[in-house]
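Breakdown of the fold
One letter stands for each residue in the lines below.
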Amino acid sequence: MNWICLLIFALFSIPAVIKDIRELMIPDWTVFAGSAALLAYQAIFARECLAQGLLGAALSPLLFYAVRRITNFGMGLGDVKYSILCGLCAGASLAFISYAAASLICALYFASKCLLSKKTGLSTKIPFAPFMAAGILAVCTAARIIF
């Protein structure tokens, strides 16, 4: 993972996050075009990131599909597909740390929303892509600065 990978990720994540917030939908073009751009960049210019990226892109949707099944399809398929882009950007090890951070931030958001709104409950739909993107950007940036 390097700064250009994060930039490519951010460029394709911004429209995905905006669409998810507005309509609870992640456009396929953001996931697949972003994944293709990241894959091409890593294959040509950042080969040291390619193996971890491919592993992250393969394992991330498995995790999110399992969550989707466990929650009785409470998580959207767009989040499962978006995890491919996230995993490709961060690589397997950082992606899963990022997902833990995203889940924590989302839980705090949901808890505060429950306290402030009487209409919020377990059936409330929350766009998860913004939390995933924030987790990837925060963890990868921190890792890049520290290491």
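1. Comments concerning the overall build of the chain
A tally of regular secondary structure across the chain gives 5 helices and 0 strands. Counting from the amino terminus, helix and strand elements in the chain follow one another as α-α-α-α-α. Projected onto its principal axes, the C-alpha coordinates of the chain cover approximately 50 × 30 × 25 Å. When each of the 147 residues of the chain is scored for burial, the buried share is 43%. A separation threshold of at least 6 residues defines the contact pool for the chain, and within that pool the share at least 24 residues apart is 72%. About 8,100 Å² of surface is accessible on the chain, with carbon and sulfur atoms providing 72% of the total. Distance between charge centres in the chain, computed from 11 positive and 5 negative side chains, equals 8 Å.

2. Description of the side chain of N2
With respect to the helices and strands, the residue N2 is situated in the segment before α1 (3-23). A distance of 2.9 Å separates the side chain of N2 from the backbone nitrogen of C5, its partner in a polar contact. The residues touching N2, leaving out its near neighbours within four places in the chain, are Y41, A46, E48, C49 and R144.

3. Side note on the nonpolar core
Counting residues in each nonpolar core, the largest one holds 38 residues, and the members touching the most others are F9, Y82, F128 and I136. Those elements that place two or more of their residues in this core are α1, α2 (28-44), α3 (47-70), α4 (77-116) and α5 (129-146). Counting residues per element, this core draws most heavily on α4, at 12 residues. Those residues in contact with I136, other than ones at most four positions away along the chain, are F9, C86, C89, A90, A95, S98, Y99 and T141.

4. Describing the side chain of S60
Looking at the secondary structure, you find S60 in helix α3. Contact partners of S60, with chain neighbours within four places excluded, come to S83, G87, A95, F96 and Y99.

5. Let's talk about the packing of aromatic side chains
The final tally for this structure, using the stated rule, is 7 aromatic pairs. Aromatic side chains F96 and Y99 sit 5.6 Å apart centroid to centroid with 85° between the ring planes, which places their arrangement in the edge-to-face category. Residue F96 and its partner Y99 are both found in helix α4; the two are separated by 3 residues, about one turn of the helix. Given the relative accessible area of 30%, F96 is considered partly exposed. Ring geometry for F128 versus F131: centroids 6.2 Å apart, planes at 40°, classification tilted. Overall, the relative accessible area of 10% leaves F128 in the buried class.

6. Digging into a nonpolar patch on the surface
Side chains of W3, I145, I146 and F147 sit close together on the surface and give an oily, nonpolar patch of about 570 Å² of accessible area. Under the relative-accessibility criterion, F147 is labelled exposed at 80%.

7. Overview of the layout of surface pockets
If you add up the space inside the largest pocket, you get close to 700 Å³. G74, M75, T124, I126 and F128 are, among the 26 residues lining the largest pocket, the residues nearest its centre. Residue assignment for the lining of the largest pocket shows that the elements contributing at least two residues are α3 and α4. With 7 residues, α4 is the single largest residue contributor to the lining of the largest pocket. Among the residues forming the lining of the largest pocket, the class breakdown is 15 nonpolar, 8 polar and 3 charged. Space inside the second largest pocket adds up to approximately 210 Å³. Listed by contribution, the elements that provide at least two residues to the lining of the second largest pocket are α3, α4 and α5. The element contributing the most residues to the lining of the second largest pocket is α4, with 6 residues. Each residue belonging to the lining of the second largest pocket can be placed in one class, and the counts come to 8 nonpolar, 5 polar and 2 charged.

The rules behind each value
Numbering of residues begins from 1 in every chain and follows the order in which that chain's sequence is written. The predicted origin of the model limits local features to residues at a pLDDT of at least 70 and limits the giving and counting of side-chain atom pairs to 80 or more, whereas totals for whole chains, interfaces and linings rest on all residues. By convention in this description, side-chain values take in all heavy atoms of the structure and omit both hydrogens and water. A run of H or I in DSSP counts as a helix once it spans at least four residues, and a run of E counts as a strand once it spans at least two, with each numbered from the N terminus. Accessibility here uses a 1.4 Å probe with only protein chains present; expressed as a share of the type maximum, an area under 20% marks a residue as buried, one over 50% as exposed, and anything in between as partly exposed. Whether two residues touch is decided by their heavy atoms; if any such pair falls within 4.5 Å, the residues are in contact. For accessible areas, the Shrake-Rupley method is used with a probe of radius 1.4 Å. Any residue's cover is judged against the shown protein chains and nothing else. His is not counted here, nor are the chain ends, while Lys and Arg score as positive and Asp and Glu score as negative. By convention, charge coordinates are those of NZ in Lys, CZ in Arg, CG in Asp, or CD in Glu. Here a polar contact means two N or O atoms within 3.5 Å. Within protein one must be a hydrogen donor candidate and the other an acceptor candidate, and residues neighboring in sequence count only if both atoms are side-chain atoms. By convention a nonpolar core is built from buried Ala, Val, Leu, Ile, Met, Phe, Trp, Tyr and Cys residues, the set being connected through side-chain atoms within 4.5 Å. Between rings of Phe, Tyr and Trp, where Trp is taken as its six-membered ring, a pair exists when centres lie within 6.5 Å; planes separated by under 30 degrees are stacked, by over 60 edge-to-face, and by other angles tilted. Patch definition: residues with relative accessible area over 30% and no salt bridge; like charges joined within 9 Å; nonpolar side chains (Val, Leu, Ile, Met, Phe, Trp, Tyr) joined within 5 Å. The salt bridge criterion pairs a side-chain nitrogen of Lys or Arg with a carboxyl oxygen of Asp or Glu, the two atoms within 4 Å. Both site types are read off a 1 Å grid over the protein atoms alone. A 1.4 Å probe that fits but cannot get out defines a cavity, while an open set with protein on both sides within 12 Å along at least five of seven lines defines a pocket; lining residues have an atom within 4 Å of a point. Grid points are joined across faces, edges and corners, and a volume is the space filled by probe spheres set on the points. As a working rule, the residues Ala, Val, Leu, Ile, Met, Phe, Trp, Tyr, Cys and Pro are called nonpolar, Asp, Glu, Lys and Arg charged, and the rest polar, with Gly in that last group.

By themselves these figures say nothing about function.
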